[in-house]
Amino acid sequence: AGSCSASSRRHSVTTGERVGSSAVAAAATTARGRPHAEPTERKQALPEQLQRRSSGECAELADHSVHPTQMSSIKRVVVFGGTGFVGCQVIHSLVARRMTSTPALEQIVSLSRRGAAPAHFANQPQLHRPGPHGGEEKSTGAVQWLSADAADVGQYEHLFNAETAVVITNGSPPLPTLSAEAQEAQRKANGGLPTTIIKAAARNGVKRLALVNAAMPSWTPAGYRQGKLDALNAARDFCADPANPRDAVVLQPSAIYGTRHTAHGYAIPLTPVLYPASAVLSALGAVGVTGALEKAVPSVFANALTPFAPVEAVGEACAAGVLSPRFESKGLTLISAAELGDPAQWKDE
């Protein structure tokens, strides 16, 4: 295979094999803390099924420039978990694009158990007034907040069609589990429910989706880890039919920092704690300490020393994943934790 430009940091995944634990770990660790790594070094860090197979393919994937004349055909984006920490930021990013670069986007729908707009959106009317439903309203640029159970596709699959994109942000945290039942529940929350959504999307003609997954050390709780792998494989299957091409962007951040909000709208700032820790991890990566530790004791340090991601970057990357021309006709694209440090790089000019 030919050498690829170091500026191309997203990896298109082939459709020959399902992705297992080792593939996910290797993909998520590429160039962590080393954004300007040499191309050969970056390529060696990828498993075989993630390596680009020809210089022509490398050249094609390296071109992520956005052409202003290209307009997205997506008219609706459905965000699962839209009232959560990451989901709220995705909503913000989608509304901003609707008001600037993506006028074709007519409807943004948040689906969650809560349904109602978060309390901290109360002073932002463009985010909490009712949006269009079934063509009955024309509240341009508004967000529609709906209550739905992701396990019951009958509650939402009527929203899916070829002009709809899907963003999946819901899941459960990687907390230790003490029973087989708790482990299975954790696997369902992080794998079973996203898989149900992805399969429903494929059946109903959806062509683009974004999935918030994770970079995971080998010691991550088994239910969480297997669930995330299940979701990744579902996204891969979504793109696997050459006769019906679809695109999926899978984000693999480690910890995510920003400002969380309680159900009553009270702010919980995570940045003062997690940003300095992330800066330290980035510095260690820049001088080679992270790579040395991962190589010496991979069972402990692989994917454990990844710099954290600002929630703004995750939101912007999700929005770009379903709306930007840079991800059209790419199949499955993995975005590593190392690529989620700067929100600005995901905004289309």
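Residues numbered from 1 in each chain as written. Predicted model: local features only at pLDDT ≥ 70, side-chain atom pairs only at ≥ 80, totals over all residues. Heavy atoms only, no water.

Inspection of the entire model under this criterion finds six aromatic pairs. Through a chain of ring-to-ring contacts, the aromatic side chains of Phe80, Tyr156 and Phe160 assemble into a single cluster. It is arginine 246 that lies over the ring of phenylalanine 238; its NZ or CZ is 5.2 Å from the centre. (Phe/Tyr/Trp six-rings, centres within 6.5 Å; stacked < 30°, edge-to-face > 60°. Lys NZ or Arg CZ within 6 Å of the ring centre and 35° of its normal.)

For the rest of this paragraph, the subject is unusual backbone geometry. Positioned with a positive phi, asparagine 303 is a non-glycine residue whose angle comes to about 70 degrees. Mapping asparagine 303 onto the fold places it in the loop between helix H10 (298-301) and strand S11 (309-310). The class for asparagine 303 is buried, based on a relative accessible area of 3%. Even without being glycine, serine 329 reaches a positive phi, approximately 60 degrees. Judged by relative accessible area, serine 329 falls into the exposed class, the value being 66%. (Helix = DSSP H or I, 4+ residues; strand = E, 2+ residues; numbered from the N terminus. Buried < 20%, exposed > 50% of the residue type's maximum accessible area, 1.4 Å probe, protein only.)

Taking 1.5 Å per residue, 13 residues should reach 18 Å; helix H11 (residues 311-323) reaches 18 Å between its end C-alpha atoms and fits that length. Among the 13 residues in H11, 12 count as buried, and that is most of the element. (Expected span 1.5 Å × (residues − 1).)

The next subject is the pairing of strand S3 (residues 107-112). Along S3, six of the six residues are buried, which leaves the element largely enclosed by surrounding structure. Pairing between strand S2 (residues 76-80) and S3: five bridges, direction parallel. Each bridged residue has a counterpart across the sheet, and for arginine 76 the counterpart in S3 is glutamine 107. Two strands pair when backbone bridges link them, and S3 and strand S4 (residues 143-147) are joined in this way by five bridges, in the parallel orientation. Note on S4: the bridge partner recorded for leucine 111 is leucine 146. (Pairing = 2+ DSSP bridges.)

Overall, the predicted model of the protein chain reaches an average pLDDT of 80, with 73% of residues at or above 70. Scored below 50 in pLDDT, residues 21-70 shows 105 contacts in the model against residues more than four places distant or in partner chains. (pLDDT = per-residue confidence, 0-100. Contact = heavy atoms within 4.5 Å.)

With that settled, the discussion passes to the environment of leucine 305. Here leucine 305 shows up in the loop between H10 and S11. Residue leucine 305 is classed as buried on the basis of its relative accessible area, which comes to 15%. In the structure, leucine 305 is positioned 24 residues away from leucine 281 in sequence and 6.3 Å away in space, judged by C-alpha atoms.

Moving on, we get to the pattern of salt bridges. Applying the stated rule across the entire model yields six salt bridges. Residues glutamate 163 and lysine 75 are paired through a salt bridge, measuring 3.7 Å at the closest nitrogen-oxygen approach. With a gap of 88 residues between them, glutamate 163 in the loop between S4 and strand S5 (164-168) and lysine 75 in the loop between helix H3 (55-62) and S2 connect regions that are remote in the sequence. Taking the relative accessible area as the measure of exposure, lysine 75 reaches 33% and is therefore partly exposed. Across the salt bridge formed by aspartate 237 and arginine 236, the nearest N and O atoms sit 3.7 Å from each other. Judged by relative accessible area, which is 37%, aspartate 237 ranks as partly exposed. Here arginine 236 falls in the buried class, since its relative accessible area comes to 5%. (Salt bridge = Lys/Arg side-chain N within 4 Å of Asp/Glu carboxyl O.)

The next point concerns the packing of helix H4 (residues 85-99) against H11. Relative orientation and spacing of two packed helices are given, respectively, by the angle between their axes and the distance between those axes. Orientation of H4 relative to H11, taken along the N-to-C sense of each, is 55 degrees, at an axis distance of 8 Å. One way to sum up the angle between H4 and H11 is to call them oblique. In this structure, H4 meets H11 at a crossing whose hand is right-handed. Contacts from Phe85, Val86, Gln89, Val90, Ser93, Leu94 and Arg97 in H4 reach Val311, Glu312, Val314, Gly315, Glu316, Cys318, Ala319, Ala320, Val322 and Leu323 in H11. (Axes fitted to C-alpha atoms, helices over the stretch in contact; angles between N-to-C directions. Parallel < 35°, antiparallel > 145°, perpendicular 65-115°, else oblique. Left-handed = near helix turned anticlockwise from the far one by under 90°.)

All right, on to the packing of helix H6 (residues 180-203) against helix H7 (residues 222-238) then. Relative to each other, H6 and H7 sit at 10 degrees, their axes nearing to 6 Å. Taken together, the axes of H6 and H7 lie roughly parallel to each other. Every residue of H7 that contacts H6 at Gln183, Gln186, Arg187, Asn190, Gly191, Pro194, Thr195, Ile198, Ala201 and Ala202 is listed here: Ala222, Gly223, Tyr224, Gln226, Gly227, Lys228, Asp230, Ala231, Ala234, Ala235 and Phe238. Classifying every residue of the contact of H6 with H7 by side-chain character gives 10 nonpolar, eight polar and three charged. (Nonpolar A, V, L, I, M, F, W, Y, C, P; charged D, E, K, R; others polar.)

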